[in-house]
Amino acid sequence: MATGRTHRPATRSRGIPEATVARLPLYLRALTALSERSVPTVSSEELAAAAGVNSAKLRKDFSYLGSYGTRGVGYDVEYLVYQISRELGLTQDWPVVIVGIGNLGAALAGYGGFASRGFRVAALIDADPAMTGKPVAGIPVQHSDDLEKIINEDGVSIGVIATPAGVAQQVCDRLVAAGVTSILNFAPTVLSVPDGVDVRKVDLSIELQILAFHEQRKAGEETSAEEGPDAGAEPEAAAVAPPAPRGATGSTGRKGPDGDVPAVMPA
Ligand SMILES: NC(=O)c1ccc[n+]([C@@H]2O[C@H](COP(=O)([O-])OP(=O)(O)OC[C@H]3O[C@@H](n4cnc5c(N)ncnc54)[C@H](O)[C@@H]3O)[C@@H](O)[C@H]2O)c1
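Each value, and the rule that gives it
Within any chain, residue numbers begin from 1 and follow the written order of that chain's sequence. Side-chain atom pairs in this predicted model are given and counted only at pLDDT of 80 or more, local residue features only at pLDDT of at least 70, and totals for whole chains, interfaces and linings cover all residues. UniProt positions are given in the numbering used here, feature names are shortened, and annotations may be inferred rather than shown by experiment. Any two strands with at least two DSSP-identified bridges between them are counted as paired. Here a helix means four or more residues in a row that DSSP labels H or I, a strand means two or more in a row labelled E, and each is numbered from the N terminus. Placing a C-beta atom from the backbone of each residue, one calls two residues in contact when those atoms lie within 7 Å. Helix axes are fitted to C-alpha atoms over the stretch in contact, other axes to C-alpha atoms as well, and angles between N-to-C directions run from 0 to 180 degrees. Remark: C-beta atoms are placed from the backbone, and a residue is labelled buried if 20 or more other C-beta atoms sit within 10 Å of its own, exposed if 12 or fewer do, or partly exposed between those counts. A clockwise course of the path from the first strand over the helix to the second, judged with the strands pointing away from the viewer, identifies a crossover as right-handed.

As annotated in an unreviewed UniProt entry, the protein chain carries the name Redox-sensing transcriptional repressor Rex and comes from Streptomyces tanashiensis. Quoted verbatim from the Function (unreviewed entry) field of the UniProt record, the comment on the protein chain reads "Modulates transcription in response to changes in cellular NADH/NAD(+) redox state." What UniProt states about the protein chain under its Subunit (unreviewed entry) heading is, verbatim, "Homodimer."

Q: Please explain the sheet that holds strand β8 (residues 182–185) as it appears in this structure.
A: The pairing of strands in a sheet comes from backbone hydrogen bonds and takes either a parallel or an antiparallel form. Across the sheet, which stays open at both edges, the seven strands sit in the order β5-β6-β4-β3-β7-β8-β9 with mixed pairing between neighbours. Whereas interior strands pair on both sides, the edge strands pair on one side only; in this sheet they are β5 (135–136) and β9 (198–201). Across the face of the sheet, helix α8 (residues 147–154) comes into contact with β3 (94–99), β4 (119–126) and β6 (139–143) while running at roughly 165° to β4. On top of the sheet, helix α9 (residues 165–177) reaches β3, β7 (158–161) and β8; it is set at about 170° to β7, its chief contact.

Q: Could you clarify how one ought to interpret the environment of arginine 71 in this entry?
A: One can find arginine 71 in the loop between α4 (55–64) and β2 (75–76). The sequence separation of arginine 71 and serine 43 amounts to 28 residues, and the corresponding C-alpha distance is 9.1 Å.

Q: So what exactly am I meant to see when it comes to the pairing of β7 here?
A: Regular strands place side chains that alternate from one sheet face to the opposite one. Burial along β7 is two-sided: Ile158 and Val160 and Gly159 and Ile161, pointing in opposite directions, are all buried. Pairing of β7 with β8, which is carried by four bridges, proceeds in the parallel orientation. Paired with glycine 159 across the strands is isoleucine 183, a residue of β8. Remark: the β7/α9/β8 crossover connection has right-handed handedness.

Q: Got a minute to help me understand the pairing of β6 in this structure?
A: When β4 meets β6, the two strands line up parallel, connected through three bridges. Within β6, the residue paired with leucine 124 across the bridge is valine 141. In this sheet, β6 lies alongside β5 in antiparallel orientation, the contact comprising two bridges. Residue pairing in the sheet places proline 135 in a bridge with proline 140 of β6.

Structure below.
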């Protein structure tokens, strides 16, 4: 998808809501699947279903891109792929470094979905000298002493942190000082970054905790239904689960202290 240079679209200056930006990758994934099947056009309803989004929301989102589709025909798949890719900045190549090449870092390094979306893994960095020079997913691991040099040489603006939590802030500080302005943090810790640096946090355990919350609630509802209309009131009140962590649905959200949606973490 790394084709040509990015044009700054007019819509950018009008401002696209963060929630819409967060849905654009969902549309793009669904559209890419349609494009691979050489489907020429798609209705808003079909695309909304494929992306798991409400169709009215989809039409509103696309209006921010200046894309309204054609009545009775729908949206041109290829053109929408181009429009959304352009809006997301995916029509240019984004070199990415991954820091911390353990279980997770190695899995990320081997993930084909980065390159196919224009994210080139420019370097793998680890502090363990025993790993230096060893290829992971075909890329030799470099020592973290050279982090600044690597960032500068490759013009890297996106860093992925997959180190233990205890060193993540220190790694983050070095990445930022070297010129990285976007960080994808997998370490279970809240990172502090200066203005102008974006942090996205991924935490699968938080997603599981939210699922556990819903499971518990569903179980409570089933019990109430079995016990009759009056029986539910007390147990339900007694079984109040802790609220789901804010923003942990992985959607968008405003910036917290680490530049992302604050997620509740066990201390
Ligand atoms: N977000 C998630 O859903 C999720 C899932 C799994 C793991 N994790 C987190 O990801 C991190 C890595 O997990 P893992 O299982 O791969 O651990 P791991 O121990 O296998 O790998 C960590 C790697 O980081 C390297 N490292 C340590 N200090 C470093 C430094 N200062 N600079 C560069 N590299 C350094 C180590 O040498 C090691 O290779 C942990 O913080 C873990 O909690 C998050």
